[in-house]
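# Fold and geometry: a report
These are the residues of each chain, in order.
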Amino acid sequence: MKKIKFEKNGKIFNLKAVVCENEYLIKFMNRDYFYSLCKTECPNFNKNWSCPPNSPRFDEFVEDYKNSLIVELTSEVEDGEEFMEAYSENRETLEALLSKMQIDFECLKTSCGSCNLCERCAILDNKNCYRPEKMRYSMEAMGVDLQKMSEEIFDHEISWNTETEKAKVCTSIGSILFNGTFLEDDFCDLARNYRF
């Protein structure tokens with residue numbers, strides 16, 4: 001595992017990166033559970049082309065790729081900062097890095113949450129995706145249990161706000177899918193030189 005710490009807009013972010021075989025990551029799939037959870041709890045269910053029931057299964061999505069570089073970004077939720085504000089900044093930061101990696105290494109990224117490329121998703125107007133070449137699915141939308149994966153791979157428990165307690169750490173997870181050789185050091189070199 002590789003770790004990088006950096007500052008953006010006066011805030012400290014911690015990145016962790018691990019290369020894993022997709023065959024190994026499939027064990028974290030629990031598609032039926034997350035499909036059911038999305039259907040009953042998520043406002044984006046069937047209202048976004050990147051979300052269930054429109055998202056593919058992770059095992060099917062990765063079948064043409066042998067490996068993934070899993071990247072986890074964490075930051076502290078600062079006093080007076082709303083959790084979703086911290087999450088948006090985390091997500092934006094990680095998405096920018098993964099998008100750059102996707103181009104530089106000619107690989108395919110997964111997103112950090114539902115697609116937000118368009119102000120209004122085409123699915124709401126019964127149309128095909130307006131930007132299919134840019135739209136990406138998140139690992140959780142494809143049925144991956146990010147909590148279990150984060151605990152096993154990064155030794156980190158993802159926390160969210162509850163009714164009684166505010167989360168102190170915000171976590172975002174994304175990945176790039178690739179074949180051939182890609183080292184965690186390659187990621188570190190790119191991340192260190194990237195200007196967020």
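## Quick word on the pairing of strand β1 (residues 2-8)
Strand direction decides the pairing type here: β1 and strand β2 (residues 11-21), joined by seven bridges, are antiparallel. The residue bridging K2 from the neighbouring strand is A17, located in β2. Between β1 and β2, which pair antiparallel one after the other, the connecting turn spans two residues, and N9 there sits at a positive phi close to 55°.

## Focus on the pattern of salt bridges
All chains considered together, the criterion is met by eight salt bridges. Measuring nitrogen to oxygen at the nearest pair gives 2.9 Å for the salt bridge that ties R120 to D125. Take R120: its relative accessible area is 45%, and that puts it in the partly exposed class. What makes D125 partly exposed here is its relative accessible area of 34%.

## Brief notes about a negative patch on the surface
Residues E76, E78, D79, E82 and E85 make up a contiguous surface patch of negative charge. Of note, D79 is situated in the loop between β3 (67-76) and α4 (83-104). On the accessibility criterion, D79 (81% relative accessible area) is exposed.

Quick notes on the rules
- Residues numbered from 1 in each chain as written.
- Predicted model: local features only at pLDDT ≥ 70, side-chain atom pairs only at ≥ 80, totals over all residues.
- Heavy atoms only, no water.
- Pairing = 2+ DSSP bridges.
- Helix = DSSP H or I, 4+ residues; strand = E, 2+ residues; numbered from the N terminus.
- Salt bridge = Lys/Arg side-chain N within 4 Å of Asp/Glu carboxyl O.
- Buried < 20%, exposed > 50% of the residue type's maximum accessible area, 1.4 Å probe, protein only.
- Patch = residues over 30% accessible without salt bridge, like charges linked within 9 Å, V, L, I, M, F, W, Y side chains within 5 Å.
- Areas by Shrake-Rupley, 256 points an atom, 1.4 Å probe, with all protein chains shown as cover.
- Lys, Arg positive; Asp, Glu negative; His and termini not counted.
- Charge placed at Lys NZ, Arg CZ, Asp CG, Glu CD.

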